[in-house]
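What follows is each chain in one-letter form.
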Amino acid sequence: ACNDAFEDITVNAILKAGKDKMSSRALIDGFSALLMLPTAFFLPLPHGAWGWLLASWATHLVYLVCLIKAFERADMSVAYPISRGVAPALAATVAVSLFAEPITPLVAGGIAMVSCGVMAVGLGRQVDRRALGWAVATGVTIALYTVIDAQGVRAAPSAFSYIAWVYLTLGGGIGLLFAVWRGPRFLLAAREEWKPGLIAGALSIVTYGLALWAYRLGDTPRLAALRETSIL
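**Thoughts on the environment of V114**
Positionally, V114 belongs in helix α5 (residues 105-123). It is 9.7 Å that separates the C-alpha atoms of V114 and V86, two residues lying 28 residues apart in sequence. The contacts of V114, once residues within four sequence positions are left out, are A225 and E228.

**Digging into the pattern of salt bridges**
For the structure on display, the rule yields four salt bridges. Of the charged contacts in the structure, one is a salt bridge between R182 and D20, with a shortest N-O distance of 3.1 Å. Of the two residues, R182 is situated in helix α7 (residues 159-182) and D20 in the loop between α1 (2-17) and α2 (21-36); the sequence distance between them amounts to 162 residues. D29 is the partner of R25 in a salt bridge, and the nearest nitrogen-oxygen pair spans 3.0 Å. You can see R25 and its partner D29 sitting in helix α2, four residues apart, about one turn around the helix. Assigned by exposure class, R25 and D29 land together as buried.

**Observations regarding empty space enclosed by the protein**
Enumeration over the complete set of coordinates arrives at two cavities of 30 Å³ or more. The space that makes up the second largest cavity amounts to roughly 40 Å³. Lining the second largest cavity are R84, A87, P88, I142, T146, Y215, A224, R227 and E228. Among the secondary structure elements, those contributing two or more residues to the lining of the second largest cavity are α4 (76-99) and α6 (129-155). With three residues, the single largest contributor to the lining of the second largest cavity is α4. Taken together, the residues of the lining of the second largest cavity break down into five nonpolar, one polar and three charged.

**Some words on the side chain of D29**
You can call D29 buried: its relative accessible area is 6%. Discounting chain neighbours no more than four positions away, the residues touching D29 are L64, L170, G171, I174 and G175.

**Re the packing of aromatic side chains**
Taken as a whole and judged by the stated rule, the model has six aromatic pairs. Linked through ring pairs, Y63, Y145 and Y208 together constitute an aromatic cluster.

**Looking at a nonpolar patch on the surface**
On the surface, F160, V206, L210, W213 and L217 cluster together to form a nonpolar patch covering roughly 490 Å² of accessible area. Top element by residues in the nonpolar patch is helix α8 (residues 184-217). It accounts for four residues. Positionally, L210 belongs in helix α8. By relative accessible area, L210 is classed as partly exposed at 31%.

Reading the values: the criteria
Residues numbered from 1 in each chain as written. Predicted model: local features only at pLDDT ≥ 70, side-chain atom pairs only at ≥ 80, totals over all residues. Heavy atoms only, no water. Helix = DSSP H or I, 4+ residues; strand = E, 2+ residues; numbered from the N terminus. Contact = heavy atoms within 4.5 Å. Salt bridge = Lys/Arg side-chain N within 4 Å of Asp/Glu carboxyl O. Buried < 20%, exposed > 50% of the residue type's maximum accessible area, 1.4 Å probe, protein only. 1 Å grid on protein atoms, 1.4 Å probe; cavity = no way out; pocket = protein on both sides within 12 Å on 5 of 7 lines; lining within 4 Å. Points joined across faces, edges and corners; volume = space filled by probe spheres on them. Nonpolar A, V, L, I, M, F, W, Y, C, P; charged D, E, K, R; others polar. Phe/Tyr/Trp six-rings, centres within 6.5 Å; stacked < 30°, edge-to-face > 60°. Patch = residues over 30% accessible without salt bridge, like charges linked within 9 Å, V, L, I, M, F, W, Y side chains within 5 Å. Areas by Shrake-Rupley, 256 points an atom, 1.4 Å probe, with all protein chains shown as cover.

The structure is reproduced here in structure tokens:
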């Protein structure tokens, strides 16, 4: 989870640096889908997890829109800590209340301290209300897709199967949607930014792929909080 956190920062830094952030995200997700495509011929289909994949797709779509809006209105050092601080506490609450995942008072206290500490990094800077709203909305969607994907990766026949299809559906669906949405602007961005897009696409597979593998092995509340060590 800690290694995933560092690489996740790198992916989001590349997105933040893009001139047209929706086009940049389309490149990242599109490249991740292309890189994962060969695995579809060797891995089993994620039977038992299709519903979770659909819910994940819809939640990630909202998440990416909120993330792009937050990055357009605020510095990464503001938007990213706020969104990442909201996520662990909310993910733990949903995982425990809806799916009866285990939690102890010590773990709950640790999660609360992680969330408050991470948010303090962003809230200590000047931020307008709209940027704050988009950052909080991003954090809410992070928590939701975390819980959804934790359930999905456990329902699939293997972690690798679910990971592959997460990137195939997200990259092939959302990446294509964003590219069509931006039209000619996407073509211009692709010509200028395809290299960082390819790097970020490859890193994103490692980042969230590691997190998904961890969610299959351990409890969501603790692991969701560990991911946020990237803010340090």
